[in-house]
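Topology and contacts: notes
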2 protein chains.
Amino acid sequence: MPEAEQRKRRGRPKRDEVVALDRAQIVAEALRLIDERGLEGFSLRELARALGVFPTALYWHMPGGRNAVLGAVAATAFTDVVPPAEDAVDDWESWVRALFTRYRDSLRKHPNIAPLLGAQIVSNTGVDMELVERILAALESAGFGGERLVDAYNTVVAGLLGYVTLELAPGPAEDASEWASAFEAEIRGVDASRFPRLSRNLDALANRAFIVRWQGGAEKPMTHSFDFYVETIITGLRALSRKIG
Amino acid sequence: MPEAEQRKRRGRPKRDEVVALDRAQIVAEALRLIDERGLEGFSLRELARALGVFPTALYWHMPGGRNAVLGAVAATAFTDVVPPAEDAVDDWESWVRALFTRYRDSLRKHPNIAPLLGAQIVSNTGVDMELVERILAALESAGFGGERLVDAYNTVVAGLLGYVTLELAPGPAEDASEWASAFEAEIRGVDASRFPRLSRNLDALANRAFIVRWQGGAEKPMTHSFDFYVETIITGLRALSRKIG
DNA sequence: AAAATAATTGTACGATGTACAATTTATTTG
DNA sequence: CAAATAAATTGTACATCGTACAATTATTTT
């Protein structure tokens, strides 16, 4: 733990004192703590403790308090997800594919913040607007325009966040392994007469499909289905772009 | 407020006393409170207050505490979403379409619980297994089997939750209208040279598309795009089901 | 030199989740 | 039918949390 040394004096610190409190550093440390102990276990006070600072000092740099910190942390997930331009130009499909996988790769490095993204209108105008612009570019080159462009755009954004948010969703908080084995037993012993298809495909589905899994995507990735999901969306968009344009 | 009258006596209540504490009632009241004051404002103590009961009494019926209550509340969103059988049989596409719209309609009645669903491995074996079974049935009748069935299933489930979770996501907690107008101004004044396409389509996009909206889906539904999104997924699945089977 | 502003320490408060003991009623058992 | 056990609550207690606000000190501007 990178505890900063104590500093008893009150008031504004001298120029070269070790406080080094700074918006970027607060966000970075917050992300580190969330990576380490999860979203549920995150608190402003622990963040302050880790930074060697009083909790209320954080409010100077982040006037929004807790929510502001979490918002800023969430925003970091979008850095570097927008694929470089050269991949796009005349192949919107592979650009969209690249976007999806880059976003997923980015979140897989910090799976604990996934709930923040799928469930918050977080926006940090700048990075985000770049993302919007580039999605629009891809979809225009796919032939969408006007009202359909809006629909296609919303489809891409929802698709972008949807799968990954769910894949990386956290299970029950503390009783993890106990709950997991109990749930596994329940799944394994599912009534074959009431649920014949589930029962027949159980080996293929158990712990490898939503609702019937007992591990989160951080421990047990669902990559193959993700690729299929992306192809589904791209294929659907391609078909619909031809239908009316 | 349906405050229950006071009852001073300690210990187990007599048979016909008005305490009426019961798992189902706890969950129902919790949902009502969340509908009313939002997820952020929900607390076990207020729930207990609303039920006219000590906070710790809730632990008797819900051993998991807060998380257990929220899990149970989340599960209610899935009641009655599975479309009746007769709609399906030999038309898997309209069955899936019905599933998507029913789920969305269900959540739109309780938009505040949306974050719970997109972000938690909540499962209540029974209702859920029925859902799983029926999705599998639809996809088998669409021609999916084996490994592809798993992928298609995961695609449907992720698609089912993804859009709605994002659409109904809550904005910033308290400073709502202030933030909204500030954000609107920022969007309206976006740099046309850096973001030409966004700028060109601004009227169509502003407050009607993800990332560039300042109202949640509870206040401003995004229905048209949702329909397009559903068609995208169904069309994609149809095409991919023919490709290999 | 004085005033304003920046950046922190410190204090304080109400609220929260939950562990645990005490108490009372209902049910089961011998 | 008495005694034991289980069911369902009240009541107490505690650590923790977010944040409003005052006090303090250093830097920058006037």
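Just above sits the structure.
In this report, the structure presented in the accompanying data block is examined. (Residues numbered from 1 in each chain as written. Chains lettered and ligands numbered in written order. Predicted model: local features only at pLDDT ≥ 70, side-chain atom pairs only at ≥ 80, totals over all residues. Heavy atoms only, no water.)

**Focus on the protein's contact with DNA strand C**
- The full set close to DNA strand C counts 32 residues, and A:Thr56, A:His61, B:Arg15, B:Arg45 and B:Thr56 are the nearest of them.
- Backbone atoms, meaning sugar and phosphate, make up 64% of the atoms of DNA strand C lying within 4 Å of the protein.
- The separation between a phosphate oxygen of DNA strand C and a polar side-chain atom of B:Tyr59 is 2.8 Å.
- Between DNA strand C and B:Arg66 there is a distance of 2.7 Å, counted from a phosphate oxygen to a side-chain nitrogen or oxygen.
- Looking at the surface near DNA strand C, the elements that each hand over two or more residues are helix H3 (58–61) of chain A together with helix H2 (44–51) of chain B.
- Here the surface near DNA strand C takes three residues from H2(B), the largest share from any one element.
- Here the surface near DNA strand C is composed, by residue class, of eleven nonpolar, seven polar and 14 charged. (Near = heavy atom within 4 Å. Polar contact = N/O pair within 3.5 Å; in protein donor to acceptor, adjacent residues only side chain to side chain. Helix = DSSP H or I, 4+ residues; strand = E, 2+ residues; numbered from the N terminus. Nonpolar A, V, L, I, M, F, W, Y, C, P; charged D, E, K, R; others polar.)

**Brief notes about the relation of the copies chain B and chain A**
- Taken as rigid bodies, chain B and chain A are interconverted by a rotation of 180° and an axial shift of 0.0 Å, the fit giving an RMSD of 0.1 Å. Here the transformation between the copies is reduced to the relation of a two-fold axis. (Least-squares fit on C-alpha atoms with pLDDT ≥ 70 in both.)

**Things to note about the protein's contact with DNA strand D**
- In the neighbourhood of DNA strand D, 32 residues make up the surrounding shell, with A:Arg15, A:Arg45, A:Tyr59, B:Thr56 and B:His61 lying closest.
- The contact atoms of DNA strand D, taken as those within 4 Å of the protein, divide so that sugar and phosphate hold 63%.
- A distance of 2.3 Å separates a base nitrogen of DNA strand D from a polar atom in the side chain of A:Arg45.
- B:Thr56 has a polar side-chain atom sitting 2.7 Å from a base oxygen of DNA strand D.
- Listing elements by their share of the surface near DNA strand D, those giving two or more residues are helix H2 (44–51) of chain A together with helix H3 (58–61) of chain B.
- If one sorts the elements of the surface near DNA strand D by residue count, H2(A) sits on top with three residues.
- Taken together, the residues of the surface near DNA strand D break down into eleven nonpolar, seven polar and 14 charged.

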